[in-house]
Amino acid sequence: MEIGLTGASGFLGRHIIDQAIAGGDKVVAFSRNPRRQIRGCVRTQSFGPGLHLNGLGAVVHLAGESIFGVWTNAKKEHIFRSRVEGTRWIVKAIQGAPDPPKVLVCASAIGIYGDRGEEELTERRTTGAGEFLAEVSEAWEAAAKEATAAGTRVVSVRIALVLGSKGALAAMQPIFRLGLGGRFGKGDQWMSWVHVRDIANIFLYAAKTESLSGPVNGASPNPVRNSEFTRVLGTLLNKPTFFTVPSFLVSTFLPEQSSLVLDSQKVIPEKLLTSGFQFQFPSLNEALHDLLKPKVRPEPSSAAPSET
Ligand SMILES: NC(=O)c1ccc[n+]([C@@H]2O[C@H](COP(=O)([O-])OP(=O)(O)OC[C@H]3O[C@@H](n4cnc5c(N)ncnc54)[C@H](OP(=O)(O)O)[C@@H]3O)[C@@H](O)[C@H]2O)c1
């Protein structure tokens, strides 16, 4: 299959390209800079209003302004507009194509659920309200859904915290390696995470699995509490994790972004599990061990009983 991929130059894009090629697919990259050569892609096309998608088998849409950095009003406007407007360009191109892609697999985020305590968040649960990331993800999914009118199947992958060589884990590692790692707030909030190779595979699986449509939770089946995440990472790095970052400190200095580390989201990938998707890294210990090797030895399996 020939797959169109926006955000191909980014962190997840790189892994999706590698896995698509390994599976015998071809990837056409879409970038704001169409002169950019992206390793492994058959060509790069322009990502902007008036883009062309005719003849592609599938479109995977990841592009959007990074959520890293301080959320000024201008930054929030970029985060929101880049996702909603970019998705509208895709939908317009699908609607105008004589031979449109059969499926649009669009990124979304588990931030859509908001702060939910102990609730098990399958795709059947309601979404949250009032928080910035929930609003962005709602608008993003609503924009993608418009492509169904053209007969295109639409899947919105609600991505959990992606663990890989870049992103959040890369930001945490230096702090933990200095022995300054610790939990946020009480540490009892649920963290939903996914290994980068599993999330790349989920996007390709969603493109090829016709029974999947609508929202799909892109999270491992074993979310952990923040204190457990901290403990496993500290143990694998052989570093103490005595510190606690008090909630009030995070909320004072980063009032809105505090939701990224303090919100509790126990996400269950019900649709993937029901459809038979196999996770390569279902437990946090296996995922972190894979990502941190060869610097560490695996934690004894008896030490990770609470990851279910
Ligand atoms: N990584 C995670 O933990 C995580 C979790 C939840 C959701 N997600 C979502 O998944 C998607 C991919 O994540 P990622 O980590 O791969 O992101 P990334 O590394 O920041 O890459 C995003 C790509 O989007 C394009 N882009 C950047 N700013 C843009 C803008 N203002 N307007 C339009 N396009 C822009 C860039 O491609 P060009 O420069 O080539 O155009 C870039 O390569 C994102 O939408 C992200 O919000 C990620």
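What counts and how
- Residues numbered from 1 in each chain as written.
- Predicted model: local features only at pLDDT ≥ 70, side-chain atom pairs only at ≥ 80, totals over all residues.
- Heavy atoms only, no water.
- Buried < 20%, exposed > 50% of the residue type's maximum accessible area, 1.4 Å probe, protein only.
- Helix = DSSP H or I, 4+ residues; strand = E, 2+ residues; numbered from the N terminus.
- Phe/Tyr/Trp six-rings, centres within 6.5 Å; stacked < 30°, edge-to-face > 60°.
- Expected span 1.5 Å × (residues − 1).
- Contact = heavy atoms within 4.5 Å.
- pLDDT = per-residue confidence, 0-100.
- Near = heavy atom within 4 Å.
- Polar contact = N/O pair within 3.5 Å; in protein donor to acceptor, adjacent residues only side chain to side chain.
- Areas by Shrake-Rupley, 256 points an atom, 1.4 Å probe, with all protein chains shown as cover.

Turning our eyes to something else, we now look at helix 6 (residues 226-236). Each turn of an α-helix holds 3.6 residues, which means side chains three or four residues apart point in the same direction. For helix 6, the buried fraction is high: eight of the 11 residues fall into the buried class. Looking one or two residues past helix 6, asparagine 238 carries a phi angle of roughly 60 degrees, positive in sign.

According to the stated counting rule, one finds four aromatic pairs in the structure shown. Relative to tryptophan 89, the ring of phenylalanine 47 lies with its centre 5.4 Å away and its plane at 65 degrees, an arrangement referred to as edge-to-face. Of the two residues, phenylalanine 47 sits in the loop between strand 3 (43-46) and strand 4 (58-61) while tryptophan 89 sits in helix 2 (residues 73-96), which places them 42 residues apart along the sequence. The exposure class of phenylalanine 47 is buried, given its relative accessible area of 10%.

Bringing helix 1 (residues 11-22) into the picture now. If you check helix 1, its first and last C-alpha atoms are 18 Å apart, about what 12 residues at 1.5 Å a residue would give, namely 16 Å. Here helix 1 has its buried residues at Leu12, Gly13, Arg14, Ile16, Ile17 and Ala20. The elements touched by buried residues of helix 1 are strand 1 (2-6), strand 2 (26-31), strand 4, strand 7 (153-159), strand 8 (161-163) and helix 5 (196-208). Looking at the residues trailing helix 1, positive phi occurs at glycine 24, about 90 degrees.

Before going further, it helps to examine the confidence of the model for the protein chain. Confidence along the protein chain averages 92 in pLDDT terms, with 95% of residues attaining 70 or more. Here residues 302-308 is modelled with pLDDT under 50, and outside its nearest four sequence neighbours on either side it reaches 14 contacts, counting other chains as well.

Surrounding the ligand, one finds 21 residues, the nearest of these being Ser9, Ser31, Arg32, Leu62 and Arg83. Separating an oxygen atom of the ligand from a side-chain N or O atom of serine 9 is a distance of 2.7 Å. Within the contact set of the ligand, an oxygen atom lies 3.1 Å away from a backbone nitrogen or oxygen of valine 162. Its free accessible area being 900 Å², the ligand has 80% of it covered by the protein chains. At three residues, the largest contribution of residues to the shell around the ligand is made by strand 5 (residues 103-109).

Looking now at the environment of valine 59. Here valine 59 is to be found in strand 4. Among the residues examined, valine 59 registers a relative accessible area of 1% and is labelled buried. In this structure, the C-alpha to C-alpha distance between valine 59 and serine 192, residues 133 residues apart in sequence, is 26 Å. Excluding anything up to four places from it in sequence, valine 59 contacts Gly4, Leu53, Ile90, Pro101, Val103, Leu104 and Val105.

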